[in-house]
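# Geometric and topological summary
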Amino acid sequence: MSVNTIEHNRRQNHLAGRDEVWLFGYGSLIYKADFAFLEHRPATIEGWARRFWQGSHDHRGTPDAPGRVVTLIESSGETCGGMAYRVTPGVFEHLDHREKNGYLRLVTPLTFADGSTAEGLVYIAGPDNDAWLGPAPETEIAAHIARSRGPSGANRDYLLCLADALAELGYRDAHVEAVAHALRTRDSAVT
Ligand code: BEZ
């Protein structure tokens, strides 16, 4: 079943009749929470891997030269760490606009650091969206990020803020670490 179909089946129902909902952030939402929240807690989701496979036309690139930002890829056995926010449903009006470049909301089980669980929403961009870029070697992803910039700033700042935020939370992510390492290696070769 495609991400779009899951989204279509479940999106409306999850917010209906609720006063509050958990939102799982695994990208810029970890370090940039520009919305009101009631509580935030580090959390993980199972069966998904973070990858710099989504194009950004509106934040870290432009329509002519999209940057690269993260999405989640179904990946059995993998755990993705991030930050969960308890929010009121009104927050999604702002976030649906902020994340309009190919991302859809899905329902996912979350696990908090103390082992307790909850259901939450997560934004995912699947391969069938117009901004999808797909896989590339991590050194190429780093080169792409190094030359990209958009209305929200340099793509490299997005990558390095995400890598730092994950390190601070104590979540290892081999893909993010490899791309950040490749970017830093490029930087030291250039200077
Ligand atoms: C996130 O941090 O979870 C996120 C941010 C932007 C788009 C999709 C996800």
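For the structure itself, look to the data block above.
The paragraphs below set out a description of the structure included in this document. What you are looking at is a predicted structure, and each value in this text was computed from that prediction instead of being measured.

### A look at the pairing of strand β5 (residues 117-124)
Pairing of strand β1 (residues 21-25) with β5 involves three bridges; the strand directions are parallel. Each bridged residue has a counterpart across the sheet, and for Trp22 the counterpart in β5 is Gly120.

### What about helix α4 (residues 138-146)?
By the burial criterion, the buried members of α4 are Ile141, Ala142, Ala143, His144 and Ile145. Buried positions along α4 lie against β2 (39-56), β3 (67-87), α5 (155-169) and α6 (174-190).

### Describing the sheet that holds β3
Taken together, the five strands give a closed barrel; going around it, the order is β1-β3-β2-β4-β5, and neighbouring strands pair in mixed fashion. Put simply, the sheet's adjacent strands are angled 45 degrees from each other on average, direction ignored. In this structure, β2 lies alongside β3, joined through 15 bridges in antiparallel fashion. Note that in β3 the partner of Gly55 across the bridge is Arg68.

### Thoughts on the pattern of salt bridges
One pass over the structure, following the stated rule, counts nine salt bridges. The partner of Arg50 in a salt bridge is Asp173, with the nearest N and O atoms 2.7 Å apart. Taken together, the residues Arg50 in strand β2 and Asp173 in the loop between α5 and α6 connect sequence positions 123 residues apart. Across this residue pair, the class does not change: Arg50 and Asp173 are buried.

### Some points on the side chain of Thr44
Its place among the elements puts Thr44 in strand β2. By relative accessible area, Thr44 is classed as buried at 15%.

Conventions used here
Residues numbered from 1 in each chain as written. Predicted model: local features only at pLDDT ≥ 70, side-chain atom pairs only at ≥ 80, totals over all residues. Heavy atoms only, no water. Pairing = 2+ DSSP bridges. Helix = DSSP H or I, 4+ residues; strand = E, 2+ residues; numbered from the N terminus. Buried < 20%, exposed > 50% of the residue type's maximum accessible area, 1.4 Å probe, protein only. Contact = heavy atoms within 4.5 Å. Axes fitted to C-alpha atoms, helices over the stretch in contact; angles between N-to-C directions. Salt bridge = Lys/Arg side-chain N within 4 Å of Asp/Glu carboxyl O.

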